[in-house]
Amino acid sequence: MIALGGLSIIGQLVAVMFVGTSLLRDDRARTVELIQMTGVPRASYFSARFAAGYLLSLFTLLATVVALVVGYQMPWLPANSLGPMPWSAFAMATGALIAPNLFFGAAMVAASIAFTRSMKYTVVAVVSVLVLHNVGNTMTHGASMLSAMLDPFAGQAMIQMADKWTADQLNSAIPLSGTFWLNRLFWLAVSTALAWGAYWRFGSLPDAGKAAHANSTTESAVPPIAHTPSVITVPRVGGWSEVIKAWHIARTEFAQYVSGVPFLCCVVLIAGVVAVYLLFERSIEGTPVYPLTHFMLRQIEAAIPLPISAILAFYSGEMIHREREERLASLVDAYPVSEGAWLAGKTLALLGLLTVLVDTGVMTAIGFQLLRDVTAIEPALYVQGALLIALPLGIFAVAALAMQLLAGNRMAGYALTALLGALPIGLAKLGVQDHLALFGTTPPIRYSDMSGFGSSLAAAGSFDLYWGVVGVALLLFASALHIRGDSDDARSRWALARVTFRNRRRCAWLASLMVVFAVTGAWIFYNTHLLNDIHPEESAQTRQATYEHNYRSLIKVPQPRVTDVNLSVDLHPSERRVCVDGIYLLTNESSQPIDTLIVSVDPTTNTTLHVMGMRSMSTDTMAGVIQIHLAAPIAPGQSLRMAFETTDERQGFTNNSEDDDLVADGTFLDNRLLPSIGYNHMRELTNARVRSAHGLPPYIAVMDATHPYVSDDAGRITFHAVVATDGDQTPLAPGRQVRAWRKDGRSYAEYVSERPMLNLYVFLSARWQVTRTTWKGVVIEVYADPKHPWNVNRIITALKDGLDAYGKAYGPYPLSEIRVAEFPSYRVFAQSFAGLIAYSEALGFTSHRDDPSGIDYPYFITAHEFAHQWWGHLLVPADAPGARLLTESMAQFSAIQLVDQHEHTSLNALLASERDAYQTGKQGLAEPEEPLDEVQRQDFVAYHKGALALMDYQRLAGAPLAEQTMRQFLIQYREKEAPYPLARDFIDALRASLPSSDHARVEAWSHRSGLPE
């Protein structure tokens, strides 16, 4: 139902087309006098035109609803891909959302037409309402009653009402909320008032001659193009003179429109939209950040494409059809100006308007930075970012002009333009992902202060050139249909086109464009299809399905365990290449001999294995499985060394900019790149729909207390690694740094584990600035990008407070060092390794705390990740559902406790954020909520509900008893090998510390859905 409500918002543009055209048709055709001679009252005339326009708009949207209903019945749709959609839901959406929302749009258009007699002002008004609707939702987020009542389309009322609904309810439930119906009544009254005002205004208009005169003067606040000999009449024809003519036309058109009141309103609108986004959307993944230039560009890119596209679409119709609609075409087309100069001038003028609009967004962002006392403004980055935003919009503008020329009619041209703009969205919904087939689109453009645009800049440039050529070719082709003078019937236009295409120069231009198109397309295809996988997610799913189909039967086959890891890691960030030479010590911890090694490798890497005593080897490159048959079995208790070489190289650019781990500055590679031993169930698909599509049975979670949560093939290991990288970077890995040195222009560092650690490690490399200190015998190091110094001290403070508080609550920190390292914001997450915490620049390093009573994210994120050194590293849960209660829930709870002790002013904000995050994660859930004691994939349960449940337990038990119970449980399983603890073991320990009267409450929050009250 919410989706159908969104359809009615798009319908506002349909109302402009039908209602606006209906009310202005006679004024534009200069036939008002003839209508008046019939004696039809002006008010009655308005009523009939308004009703006709509204009904046509409604029928258009109802046709879309019917198409959705029919599409839902298509036999090729997977049975489990859609929930129930009863007719009552469609009927309710039509009656309560589509019809009244469209009535509001029709009334708004009619009122604007009645008072301005200008389609130009009307389009500006409708676009402004749509943009301000989006802005209003942003500004009033959280103020439920206010945002629900101010939304003319009832979307906020629906969302708030459906906040706790499941996916089935979202498909089928009937809205009964009082707020929803109040919203409907209020905006129905507003719509009626607008329609009545338009009716009154039409009824009180002066006579037709004055109305027509008013219309002509209103439509052109600045007189039409001064088509005078002094402007475009040049004594010579052809060559450079045509360039001069094109420039004069562009300059005159641009000056006329840019100084007009409608366009000035558009400029103010764009500035306002960007300002609101900067004021109210100052976060990445919920974390407020400093107003850095790249974040400003991110917000501009989110704010302006849609309104600018609508503005460009409108002005494309104005530029192509204005002279003909004002009956000046015969005069203008009599001037000695070639078709090419005329079209080039119009195109340059439209691109000039685009430049003004994009620059408005940029200048608004710069002003925002200056008001926030940001002096590190990056002009060069603004220029790059503005070009990357403007180029796709420029391609759309050129295509919009082509659509107007193809249609030969303003409204038909708008329809074609809207269709062209919607086509990539529709194709993407149908599963088309290749940007070679999605008009005007490019892969996502990602930027990091650490590593810049990465490969996404080359991708965007290539696709912009590719689609730019298509746009110009469309315009050149469509211009052949443009007929000079007042005659514009289809037969004349196509007859002219046949003659025009005999022009060798035009054909040569089209041929040249097609050559550039083909060459650029081949270059993109080479990068996205040959050097890289065009569908990496689908390919990965296919490999995972093949892996499970062929090898899950081996899950119980005994395999040796990795007990020692020795690695030489050769990173080449500037070349986006890595080579790893490694040796695993494999120990048979089972009770039977093992004669076959099953090795799982990443199929996207090149991996070779070497084992002494190997009899034969079989390789499945598709699934990524190598089976080594040994000449002599490994006896119980015996060990075997396996050597391997793994190389991975990233080339070219991808279709979706997903290559974000091996980068020029800020590489982050974990040990999933390297071989693992035995069947790795973590590679199994878990999504029910995807499993069904690949012919897999329903997912059954593994429950194995003999294996730790993070690794199938190892318990605790000893670790040694020598990491090399480019000479201007610093290599990092878990463990204690033994030494660091430089050799042959390369930087090296050697790391060893201080005590047995989890089989979980990472390799990082970047140009960091290192801050070091010591706290109670523990070395603290923070590796931050030199441009992000603001939160380093907050991170260090959190580590110091954690060493004190966690050491007191859970036992002393077991290592001599703790490091925090920053990696690029291409990915937004944080992860804790043995003695090493890595998280994205977009989280703690660039986050900004505006409100002293708000959440201190650098402190809180660091506290959470540091708590994993106890809950996740010292205590490792079993490989079973509910393991995340002992890792993520306890880390989140511990971080809240640390905030309560040292940053008490933000505790209320933090708890409110936890509740909101839980509710947001639950909204629209397509599957049942996982119980806390069985949580696997649902982050909103593992992090937010888990933390709130443990806070509830602390309230019941009292802080001293709660701390004692958790400490005893951790000591019981501290660095313990199998059997590893289950979530139920922890819950039983908590329940045992409480009186029997509270046991039911513990069961309620641990085994049922919902939050503790």
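Residues numbered from 1 in each chain as written. Predicted model: local features only at pLDDT ≥ 70, side-chain atom pairs only at ≥ 80, totals over all residues. Heavy atoms only, no water.

Chemist: Which residues make up the sheet that holds strand β19 (residues 769–775), and what values go with them?
Modeler: In spatial order, the strands read β19-β20-β21-β23-β22; together these 5 strands make up an open sheet with mixed pairing. The outermost strands of the open sheet, each flanked by one partner alone, are β19 and β22 (830–833). Each strand axis lies, on average, 15° off the axis of its neighbour in the sheet, ignoring direction. In this structure, strand β21 (residues 817–823) lies alongside strand β23 (residues 836–840), joined through 5 bridges in parallel fashion. In the sheet register, phenylalanine 823 faces β23, and the bridge partner there is serine 840. (Pairing = 2+ DSSP bridges. Helix = DSSP H or I, 4+ residues; strand = E, 2+ residues; numbered from the N terminus. Axes fitted to C-alpha atoms, helices over the stretch in contact; angles between N-to-C directions.)

Chemist: Go over the packing of aromatic side chains, please, and point to the residues and values.
Modeler: Overall, the coordinates contain 39 aromatic pairs when judged by the stated rule. Considering the side-chain rings of tyrosine 813 and phenylalanine 866, the 5.5 Å spacing of their centres and the 55° angle between planes classify their relative orientation as tilted. One end of the pair, tyrosine 813, is in the loop between α25 (792–810) and β21; the other, phenylalanine 866, is in helix α27 (residues 857–867), and 53 residues separate them in sequence. Look at tyrosine 813 and you get buried, because its relative accessible area is 10%. Residue class for phenylalanine 866 comes out buried when judged on its relative accessible area of 0%. Here the aromatic cluster, defined as three or more aromatic residues joined through ring pairs, consists of Tyr806, Tyr810, Tyr813, Phe866, Trp870, Trp871, Phe969, Tyr973 and Phe986. One cation-aromatic arrangement involves arginine 739 over tryptophan 741; the distance from NZ or CZ to the ring centre is 3.9 Å. (Phe/Tyr/Trp six-rings, centres within 6.5 Å; stacked < 30°, edge-to-face > 60°. Buried < 20%, exposed > 50% of the residue type's maximum accessible area, 1.4 Å probe, protein only. Lys NZ or Arg CZ within 6 Å of the ring centre and 35° of its normal.)

Chemist: Tell me about unusual backbone geometry, and please be specific about residues and values.
Modeler: With omega at 0°, the peptide bond leading from alanine 978 into proline 979 counts as cis. You can see proline 979 is positioned in the loop between α31 (959–973) and α32 (983–992). The phi dihedral of lysine 776 falls on the positive side, at around 50°, and the residue is not glycine. With a relative accessible area of 65%, lysine 776 lands in the exposed category. The phi dihedral of glutamate 975 is positive, around 55°, even though this residue is not glycine. Its location among the elements puts glutamate 975 in the loop between α31 and α32. For glutamate 975, a relative accessible area of 23% puts it in the partly exposed group.

Chemist: Tell me about the nonpolar core, residues and numbers included.
Modeler: In this structure, Ile304 and Ile308 are the most contacted members of the largest nonpolar core, which totals 110 residues. Once residues lying within four places of it in the same chain are set aside, the contact partners of isoleucine 308 are Ile270, Leu354, Leu357, Val358 and Leu393. If you look at the next biggest cluster of nonpolar residues, it comprises 72 residues, including Leu815, Tyr839, Val935 and Leu970. (Core = buried A, V, L, I, M, F, W, Y, C linked by side-chain atoms within 4.5 Å. Contact = heavy atoms within 4.5 Å.)

Chemist: Can you break down a nonpolar patch on the surface residue by residue, with the values?
Modeler: On the surface, a nonpolar cluster with roughly 510 Å² of combined accessible area is contributed by Phe115, Trp196, Tyr199 and Trp200. In terms of residue count, helix α9 (residues 178–203) provides more of the nonpolar patch than any other element does, 3 residues in total. Following the sequence through the fold, tryptophan 196 ends up in helix α9. The exposed category is assigned to tryptophan 196, whose relative accessible area is 58%. (Patch = residues over 30% accessible without salt bridge, like charges linked within 9 Å, V, L, I, M, F, W, Y side chains within 5 Å. Areas by Shrake-Rupley, 256 points an atom, 1.4 Å probe, with all protein chains shown as cover. Salt bridge = Lys/Arg side-chain N within 4 Å of Asp/Glu carboxyl O.)

Chemist: Outline the sheet that holds strand β11 (residues 676–677), supporting the account with residue identities and numerical values.
Modeler: Overall, antiparallel pairing links the 4 strands, which are arranged β7-β8-β5-β11 in an open sheet. Edge positions in the sheet fall to β7 (614–620) and β11, since each of these pairs with one other strand and no more. Sheet topology note: the β7/strand β8 (residues 625–634) ladder contains 6 bridges and is antiparallel. Among the inter-strand pairings, methionine 614 is bridged to a residue of β8, identified as leucine 630. Most of the contacts of helix α23 (residues 536–551) go to β8, to which it runs at about 35°, and overall it touches β5 (594–600), β7 and β8.

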